[in-house]
Amino acid sequence: MNRLIWLDVDLRVNDNPVFNGLSADSQGSVLAFYNFDPPLSHSASDFVKRPRKRAYGQSQSYGLPALGGLRKAFLQESLTALEAALNVRGVALVVCEGDVLDNLGRLIAQHNIHQIITAFTVDYDRHHVLSAARRRWAMVDWQTVPANTLLPLHSFDGESLQQLYAGSFSHFRRQVDQQKALQPVYELVEQSGYPPFSTSCQTGSNGSNQARSDSGVASVPSHRHFPAGERAAQEWLWRYFSSAAPQTYKQTRNALYGDNFSTQLSVYLSRGSLSVRAVLAALRNHEVAFGQNESTRWIEFELLWRDYFYGYALLHGKKLFLFAGIAGVKPLTSHYAQRFKAWCAGNTPWPLVNAAMRELVQTGWLSNRARQIVASALVNELNVDWRYGAAFFQQSLLDYDVAINWGNWQYIAGVGADPRGGRHFNLEKQQVLFDPDNRYVDYWRGASTPKSLDTVDAADWPIGS
């Protein structure tokens, strides 16, 4: 039997159910396949255009490339690392770009594929592509394995999804606790055999996890700071959880910069270079070595947030991408092309927003706090349609994840499940709280900014008397 492994956000060999049992079968060949996002048919200069209508979901480009340069480079590095790991196991990896169904059909014909194995998806776009592929090649044996989540989303029916994900995160968390839904995951983690951690690593002499460069300016993550691939992901996981940084995670997680102020594991989880169960196992082993406290429990809390957004995306489908969101209430925003362009480039009247956007554009990374700040600024200060911001994050973030990105933007815009509705940050207060000495703003030169939201147009010129 010739089999094809259709990869998406599962770019790893270890703890990856799409590869389970393949080595035990000596009959037939195995081919792995990855298809890039739609080709980059838009240039950056087109981003002020109105969104083009598409059939569904995130494929609405809003005038932006679906896959930016830094994100594409990181993805290519991840695939190169995966290819090397698969070659050792006698599995070839074919990477394509362009129409996924055309490429898939060519491979099925050329390699006489009898079975296709792929992971369950909550991505609305990919779900439609998979459905179309199943209909077109009905003679192929299609096998779906679980997604990279804590909860078994692939086995949930509509009633289960409604019960767990129809409300806020607080409701979801209570339901998970009452149903003891995570107990099977805990049992698997206990049997995983991950090695224990050493307690030799400690925080810096000042007790802070914020790294400083020789110049005294706080270091910031860069693309070079995130080597790609499964091995790099495992090393990152080991380095973080073998340090004492998780012990203070809750106190440092809202920082804007530093080395271990957050786990930064989203870069690897988003591409599937790391399994969420491996993260939970590492956390458990850290707690054995260092002890459990509120901060370590908060890391598990963050993993649960990730699962919530996955179920949220699965339940709500195309509503994840609609202007009115799942709430069905349209925000009082519009499309201001010049404001959106200024926000993307970091040329707004707010130094903190500018610094964050410049970091994002140059590195493909942004702290969680900075993401909330710039999102609030776009929606509440610039009054721009939130979907443009979500699309720009999709293009730019190394750790872009369809469910988490669009779900969080709905949360900020007030069109999601949160009963409190939206988040409006006081930008001056955020500056005082998280960058009181202006180190972050100065590093990214955020202070060199215009003082007004809009440029003066010819229509506004005064008429002489």
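Just above sits the structure.
Residues numbered from 1 in each chain as written. Predicted model: local features only at pLDDT ≥ 70, side-chain atom pairs only at ≥ 80, totals over all residues. Heavy atoms only, no water.

Undergrad: What's the story with the packing of helix α13 (residues 351–363) against helix α15 (residues 386–396) in this structure? I'm lost.
TA: If you want to describe how two helices pack, look at the angle between their axes and the distance between the axes. Look at α13 against α15: their axes get within 9 Å of each other, and the N-to-C directions meet at 40°. Classified by the angle between their axes, α13 and α15 sit oblique to one another. On α15, the residues touching M357, L360 and V361 of α13 are F392, F393 and S396. Broken down by class, the residue content of the contact of α13 with α15 amounts to five nonpolar, one polar and no charged. (Axes fitted to C-alpha atoms, helices over the stretch in contact; angles between N-to-C directions. Helix = DSSP H or I, 4+ residues; strand = E, 2+ residues; numbered from the N terminus. Parallel < 35°, antiparallel > 145°, perpendicular 65-115°, else oblique. Contact = heavy atoms within 4.5 Å. Nonpolar A, V, L, I, M, F, W, Y, C, P; charged D, E, K, R; others polar.)

Undergrad: Can you help me understand the packing of helix α2 (residues 100–111) against helix α3 (residues 124–136) in this one?
TA: Running from N to C, α2 and α3 cross one another at 35°; their axes reach a closest spacing of 11 Å. Where α2 crosses over α3, the two elements pack in a sense that is right-handed. Contacts from V100, L101, D102 and L104 in α2 reach V129, A132, A133 and R136 in α3. Across the contact of α2 with α3, the residue classes break down as six nonpolar, no polar and two charged. (Left-handed = near helix turned anticlockwise from the far one by under 90°.)

Undergrad: What is the right way to read the environment of L304 from this model?
TA: Take L304: it is sitting in helix α11 (residues 294–316). Along the primary structure L304 and F172 are separated by 132 residues, whereas in three dimensions their C-alpha atoms are 9.3 Å apart.

Undergrad: Is there a simple way to explain helix α12 (residues 337–345) in this structure?
TA: Restricting attention to buried positions, one finds in α12 the residues R339, F340, A342, W343 and C344. Where α12 is buried, its residues touch α13, α14 (368–381), α15 and α16 (402–413). Following α12 by one or two positions, G346 adopts a phi angle in the positive range, close to 75°. (Buried < 20%, exposed > 50% of the residue type's maximum accessible area, 1.4 Å probe, protein only.)

Undergrad: Sorry, what's going on with the sheet that holds strand β2 (residues 30–35) here?
TA: By definition, the strands of a sheet pair up through backbone hydrogen bonds, in either a parallel or an antiparallel sense. Reading across the sheet, the five strands line up as β3-β2-β1-β4-β5 and stay open at both edges, with parallel pairing between neighbours. The open sheet has two edge strands with one neighbour each: β3 (92–96) and β5 (141–145). Here the average twist between neighbouring strands, direction ignored, is 25°. Both strand β4 (residues 115–119) and β5 contribute to a ladder of five bridges, which runs parallel. Across the sheet, the residue bridging to I117 is Q143, located in β5. Along the sheet face, α3 touches β1 (3–7), β4 and β5 and points at about 160° away from the line of β1. (Pairing = 2+ DSSP bridges.)

Undergrad: Any chance you could explain the pattern of salt bridges here in plain terms?
TA: Oppositely charged side chains may form a pair once their charged atoms are brought near each other. Taken as a whole and assessed by the stated rule, the structure comprises eleven salt bridges. For the salt bridge of R277 with D15, the shortest nitrogen-to-oxygen distance reads 2.5 Å. Separated by 262 residues along the polypeptide, R277 in helix α10 (residues 276–290) and D15 in the loop between β1 and β2 bring together distant segments of the chain. A relative accessible area of 31% means that R277 is categorised as partly exposed. In this structure, R371 and D399 form a salt bridge, with 2.9 Å as the shortest nitrogen-oxygen distance. Taken together, the residues span a long stretch of sequence, with R371 in helix α14 and D399 in the loop between α15 and α16 at a distance of 28 residues. Both residues of the pair, R371 and D399, belong to the buried class. (Salt bridge = Lys/Arg side-chain N within 4 Å of Asp/Glu carboxyl O.)

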